[in-house]
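Commentary on secondary and tertiary structure
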Amino acid sequence: MGFFDRISEGLTRSREKLTEQINVLLDRGPALDGDFWDGLEEALILSDVGAGAAESIVEGLRDTARRKALPDAPAVLEMLYGQIAEAFTPVGEDIFDAPEATVLFVGVNGSGKTTTVGKTAFEATEKGRRVLLGSADTFRAAAIEQLEVWAERAGVGIVTRQRGSDPASVCFETIERAEEGGIELVLIDTAGRLHTSDDLMRELEKVVGVVRKRSGMPVYTVLVIDATTGQNGLQQARQFNQALDLDGLIVTKLDGTAKGGIALAVSHELGLPILKIGVGEGIADLRRFDADDFARALVGDFAARSAS
């Protein structure tokens, strides 16, 4: 099964949720009147793409409908996936393929952070990159053990300290070892933080600040979001971005959720690119994000649907 098929399969529930809303819209008739445009915006919002993104998508489709004199609702819906793809913040250079990079992975507990670090390390070593892991989640013992398993699996080094150690010191040592070993890609796992806890967020700000000051490589801070959290994931992203000035997003657990539209909501509102998405537990189920593929998988084929 190709990765587009995996995305499409993973987004089945999200697509069904959007389809249900669109079918209600089509049942009203094909006219491009005010009710259609209001209904389309509402359908998108109910599919978790966010109010800002929904408004932008509908405005883009209205403009296209006028310029191209589109005749009816089905003709507009044929262009929906392209407009959704354009609403994502574009991804520039793939930071994981950059000549050198230090990447900090942040997020709340349970978002899939540690697994994402491990899978990214494995993928990078498969490409021949020299990788070093830093286990700066010193509060959850299982996180250290889990990352050690991934380090062994990927054949890469890892810097750890005993549980309860200062996470900033782990980051400092990781960067030192990377410089000594000619490492190209440093991946640092941080402890899960509740975005509502000021004390924990300040501690994470300190960790990120140490890395940005100490690393001779470009430093990127990436938020890992669990798609199943829906709109709560958007609130998490707002808080983390405000505190840490994020560089990008990784959205996990898109398979089996009806809330996949949240990926667009976060990317659009915060102006952050989605770097990778996860649609399963396997190593190959975490891949580079492609906005066009994601939009096609989320929307499906409205042309065939409206003709049936």
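For the structure given in this document, a descriptive report is provided here. The model shown is predicted, which means the values in this text are computed figures rather than measured ones. (Residues numbered from 1 in each chain as written. Predicted model: local features only at pLDDT ≥ 70, side-chain atom pairs only at ≥ 80, totals over all residues. Heavy atoms only, no water.)

Structural notes on helix α4 (residues 51-68)
Basically, it comes down to this: Secondary structure follows DSSP: runs of H or I at least 4 residues long count as helices, runs of E at least 2 residues long count as strands, and numbering of each begins at the N terminus. In this analysis, the expected span of each helix is defined as 1.5 Å times one less than the number of residues it contains. Two residues qualify as a contact provided that any one of their heavy atoms is within 4.5 Å of a heavy atom in the partner residue.
Helix length check: α4, at 18 residues, gives a terminal C-alpha distance of 26 Å against a target of 26 Å (1.5 Å per residue), a fit within 8%. Check the buried side of α4 and you find it contacts α3 (34-46), α5 (73-77), α6 (80-87) and α12 (262-270).

Topic: the nonpolar core
Basically, it comes down to this: In this description, a nonpolar core means a group of buried Ala, Val, Leu, Ile, Met, Phe, Trp, Tyr and Cys residues linked to one another through side-chain atoms lying within 4.5 Å. Any residue under 20% of the maximum accessible area for its type is buried, any over 50% is exposed, and the rest in between are partly exposed; the area is computed with a 1.4 Å probe on protein chains only.
In terms of nonpolar packing, the biggest core is built from 77 residues, with Leu40, Leu44, Ile84, Phe240, Ile277 and Phe294 touching the most fellow members. Discounting residues that sit within four places of it in the chain, Ile277 has contacts with Phe3, Ile7, Val251, Leu254, Asp285, Leu286, Arg287, Phe289 and Phe294. Counting residues in hydrophobic clusters, the runner-up holds 25 residues, among them Ala101, Phe122, Ile158 and Leu185.

Concerning the packing of aromatic side chains
Which entries qualify depends on this criterion: When the centres of two rings from Phe, Tyr and Trp lie within 6.5 Å, Trp using its six-membered ring, the rings pair. Their planes under 30 degrees apart give stacked, over 60 give edge-to-face, and anything left gives tilted. Only lysine NZ and arginine CZ atoms are considered, and such an atom sits over a ring when it is within 6 Å of the ring centre and within 35 degrees of the ring normal.
Taken as a whole and assessed by the stated rule, the structure comprises 5 aromatic pairs. Measuring from centroid to centroid gives 5.5 Å for Phe88 and Phe294, while their planes differ by 80°, and the two rings are edge-to-face. Remark: Phe294 occurs in helix α13 (residues 291-299) and Phe88 occurs in the loop between α6 and β1 (101-106); sequence separation between them is 206 residues. Across the pair, Phe294 and Phe88 agree in class, each one buried. Taken together, the ring pairs connect Phe88, Phe289 and Phe294 into an aromatic cluster. One residue, Arg214, lies across the ring of Phe172, its end atom 5.2 Å from the ring centre.

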